2 protein chains.
Amino acid sequence: MPYEVEQKFRVADSAAIARRLRELGAQEAGAIEQLDHYFNHPSRDFAHTDEALRLRQVGQSNFITYKGPKLDATTKTRRELELPLSPGSDALAQYAELLTALGFRPVAQVHKTRRRYHLAWQGREIEIALDNVSGLGDFIELELSADEDGLELAKPAIASLAATLGLTQSERRSYLELLFAKAHV
Amino acid sequence: MPYEVEQKFRVADSAAIARRLRELGAQEAGAIEQLDHYFNHPSRDFAHTDEALRLRQVGQSNFITYKGPKLDATTKTRRELELPLSPGSDALAQYAELLTALGFRPVAQVHKTRRRYHLAWQGREIEIALDNVSGLGDFIELELSADEDGLELAKPAIASLAATLGLTQSERRSYLELLFAKAHV
């Protein structure tokens, strides 16, 4: 299973970050709307095990995503498995019904507009997402895919790009966790 | 969610049954190979709750199926939800990996060749499957789909067809249960 090495930062001025990305030669891959439906497990609390299961809608496309516990204190390195499902809202409702029949419980929805960029950086291809998240504001995510052997080399590349972009306010919590934190203040 | 009203019988002479079906005007819809991968739940034992979760391969097509507990002592009436997944063996392995990551445990495989028939019977369309199951032998399944209101009307139709075909050896256990029973003799 591939791993994602990912680091997220809060962004004060997303227009300024977008400008800086273009200066660095980043290729914009367009904006998409993502609606994520998160579920908790029938017998283990994902908030404690640091896992996640979600159904994701991107336009008419649907996906199921499992994220394992974070393996590392700085980046968000973790096991991730994202698989396509049949398209459309009706199909999504049926997959949700199947998860519910198995004892998974819907816990929250995360709605965001994501602008995606690709950037060649230190001989690697970094995936960048500039996110506006309903109820939370603006964030940037820097991500590299790596197999187990490549994990240690991926982290310095991410760190150097973050420094170049002047990103300091690292956020290790997921959008889901941030929404929960906000709801329980 | 739709319900299936289904009854299964052991068959001594499948060629004779196939002949009788043709005499009654059944339309043969072709033979298919089905390979079912069954999983048990992370925190409830499906053998006790009378549920089932499986990944089904039919040629290159993949499906995920949840079956709820049987609602009735005679027929196999139960809640069933079968949803398509991406095609191919590689995709199937990934869905299996996702289920495993969520704590589902692979328990058994059921491999069968299924000859399917449609039969107009007493104003209803009955689906018939003549199955040869690896390690178990020949069976016939008679099935009607019904919503909650139609359940009580569906059962006499199935019973009358079974009587007409001379089927007496009703088998309420699933192929999975029969394989387990055989393994634990």
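In this text, all values refer to a predicted model and were calculated from it rather than measured experimentally.

### A closer look at the overall build of chain A
Then, number 1: Regarding its fold elements, chain A presents five helices and eight strands.
Then, number 2: Along its sequence from the N terminus, chain A presents helices and strands in the succession β-α-β-α-β-β-β-α-β-β-β-α-α.
Then, number 3: Relative to its length of 185 residues, chain A is compact, with a C-alpha radius of gyration of 17 Å against a globular reference of 16 Å.
Then, number 4: Counting only C-alpha atoms and orienting by the principal axes, one finds that chain A spans roughly 50 × 35 × 30 Å.
Then, number 5: When the 185 residues of chain A are sorted by exposure, 50% land in the buried category.
Then, number 6: Of the contacts formed within chain A by residues at least 6 apart in sequence, a portion of 63% connects residues at least 24 apart.
Then, number 7: Of the roughly 8600 Å² of accessible surface on chain A, 51% is carried by carbon and sulfur atoms.
Then, number 8: On chain A, the mean spot of the 23 positive side-chain charges and the mean spot of the 27 negative ones are 4 Å from each other.

### Thoughts on the interface of chain B and chain A
Then, number 1: Residue-level contacts link 24 residues of chain B with 24 residues of chain A.
Then, number 2: Buried area between chain B and chain A, summed over both chains or domains, comes out near 2000 Å², and the portion from carbon and sulfur atoms is 69%.
Then, number 3: Considering only the surface of chain B that becomes buried against chain A, B:Leu83, B:Leu98 and B:Leu102 emerge as the three largest contributors, covering 28% of it.
Then, number 4: Taken together, the connections running from chain B to chain A amount to two salt bridges.
Then, number 5: Residue B:Glu97 pairs with A:Arg79 through a salt bridge whose shortest N-O separation is 3.8 Å.
Then, number 6: Inspection of the chain B/chain A interface yields seven residue pairs in polar contact (both at pLDDT 80 or more).
Then, number 7: Residues that form the side of chain B that touches chain A fall into these classes: 15 nonpolar, five polar and four charged.

### A short note on the nonpolar core
Then, number 1: Ranked by internal contacts, the top residues of the largest apolar core, which has 36 residues, are A:Leu53, A:Leu55, B:Leu53 and B:Leu55.
Then, number 2: Elements with a minimum of two residues in this core: strand S3 (52–58), strand S4 (61–70), strand S5 (78–85) and helix H3 (89–101) of chain A together with strand S3 (52–58), strand S4 (61–70), strand S5 (78–85) and helix H3 (89–101) of chain B.
Then, number 3: Among residues more than four places away in sequence, those in contact with B:Leu55 are B:Leu35, B:Asp36, B:His37, B:Phe39, B:Phe63, B:Ile64, B:Leu85, B:Leu92, B:Tyr95, B:Ala96 and B:Leu99.

### So, helix H1 (residues 14–23) of chain B
Residue and element names in this part refer to chain B.
Then, number 1: If you check which residues of H1 are buried, you get Ser 14, Ile 17, Ala 18 and Leu 21. Taken around the axis of H1, the buried residues stretch over an arc of 100°, which confines them to a single face.
Then, number 2: You can read the cap of H1 off the contacts: a side-chain oxygen lies 3.2 Å from the backbone nitrogen of Ala 15, and it is on Asp 13.
Then, number 3: Of the residues flanking the end of H1, it is Gly 25, one or two places downstream, whose phi is positive at about 95°.

### Some thoughts on the packing of aromatic side chains
Then, number 1: Per the stated rule, a full pass over the model turns up three aromatic pairs over all chains.
Then, number 2: Relative to B:Phe104, the ring of A:Phe104 lies with its centre 6.2 Å away and its plane at 25°, an arrangement referred to as stacked. In this pair, A:Phe104 sits in the loop between H3 and strand S6 (105–121) while B:Phe104 sits in the loop between H3 and strand S6 (105–121), so the two residues belong to two different chains.
Then, number 3: Residue classification places B:Phe104 among the buried residues on the basis of a relative accessible area of 1%.
Then, number 4: For the pair B:Phe139 and B:Tyr175, a centre-to-centre distance of 5.2 Å together with 65° between the ring planes defines the contact as edge-to-face. Here the residue B:Phe139 occupies a position in strand S8 (residues 137–146), and B:Tyr175 occupies one in helix H5 (residues 175–183), the gap between them amounting to 36 residues.
Then, number 5: A cation over a ring is seen here: A:Lys8 above A:Tyr175, with NZ or CZ 3.7 Å from the ring centre.
Then, number 6: Over the ring of B:Phe139 we find B:Lys8; its NZ or CZ atom is 6.0 Å from the centre of that ring.

### Re the relation of the copies chain B and chain A
Then, number 1: With an RMSD of 0.0 Å, the fit of chain B onto chain A corresponds to turning through 180° and sliding 0.0 Å along the axis. Both copies are brought into coincidence by an operation consistent with a two-fold rotation axis.
Then, number 2: Both copies contact each other with a shared surface, as 100% of the interface residues of chain B are interface residues in chain A too.

### Quick word on the pattern of salt bridges
Where charged atoms of side chains with opposite charge meet at close range, the side chains can pair.
Then, number 1: Under the defined criterion, the tally for this structure stands at 27 salt bridges over all chains.
Then, number 2: Notably, a salt bridge pairs A:Asp50 with A:Lys70, separated by 2.9 Å at the nearest N-O pair. Placement of the pair is A:Asp50 in the loop between helix H2 (46–49) and S3 and A:Lys70 in strand S4, with a sequence separation of 20 residues. Here the two residues A:Asp50 and A:Lys70 agree in accessibility, since each one is buried.
Then, number 3: The residue B:Glu23 makes a salt bridge to B:Arg20 at a minimum N-O spacing of 3.2 Å. Of this pair, B:Glu23 and B:Arg20 both sit in helix H1, separated by three residues, roughly a single helical turn.

### Some points on unusual backbone geometry
Then, number 1: Its identity as a non-glycine residue notwithstanding, A:Gln122 has a phi of 55°, on the positive side.
Then, number 2: Looking at the secondary structure, you find A:Gln122 in the loop between S6 and strand S7 (124–133).
Then, number 3: For A:Gln122, a relative accessible area of 54% puts it in the exposed group.
Then, number 4: Even without being a glycine, B:Asp50 presents a positive backbone phi close to 65°.

### Comments concerning empty space enclosed by the protein
Then, number 1: This structure, assessed with the given rule, holds one cavity of 30 Å³ or more.
Then, number 2: What the largest cavity holds in volume is close to 170 Å³.
Then, number 3: For the lining of the largest cavity, the secondary-structure elements that each account for two or more residues are H3 of chain A together with H3 of chain B.
Then, number 4: Residues of the lining of the largest cavity, tallied by class, amount to 15 nonpolar, no polar and no charged.

Conventions adopted
- Residues numbered from 1 in each chain as written.
- Chains lettered and ligands numbered in written order.
- Predicted model: local features only at pLDDT ≥ 70, side-chain atom pairs only at ≥ 80, totals over all residues.
- Heavy atoms only, no water.
- Helix = DSSP H or I, 4+ residues; strand = E, 2+ residues; numbered from the N terminus.
- Rg over C-alpha atoms; globule rule 2.2 N^0.38 Å.
- Buried < 20%, exposed > 50% of the residue type's maximum accessible area, 1.4 Å probe, protein only.
- Contact = heavy atoms within 4.5 Å.
- Areas by Shrake-Rupley, 256 points an atom, 1.4 Å probe, with all protein chains shown as cover.
- Lys, Arg positive; Asp, Glu negative; His and termini not counted.
- Charge placed at Lys NZ, Arg CZ, Asp CG, Glu CD.
- Buried area = accessible area lost by both parts, 1.4 Å probe.
- Salt bridge = Lys/Arg side-chain N within 4 Å of Asp/Glu carboxyl O.
- Polar contact = N/O pair within 3.5 Å; in protein donor to acceptor, adjacent residues only side chain to side chain.
- Nonpolar A, V, L, I, M, F, W, Y, C, P; charged D, E, K, R; others polar.
- Core = buried A, V, L, I, M, F, W, Y, C linked by side-chain atoms within 4.5 Å.
- Arc of directions from axis to C-beta.
- Phe/Tyr/Trp six-rings, centres within 6.5 Å; stacked < 30°, edge-to-face > 60°.
- Lys NZ or Arg CZ within 6 Å of the ring centre and 35° of its normal.
- Least-squares fit on C-alpha atoms with pLDDT ≥ 70 in both.
- 1 Å grid on protein atoms, 1.4 Å probe; cavity = no way out; pocket = protein on both sides within 12 Å on 5 of 7 lines; lining within 4 Å.
- Points joined across faces, edges and corners; volume = space filled by probe spheres on them.

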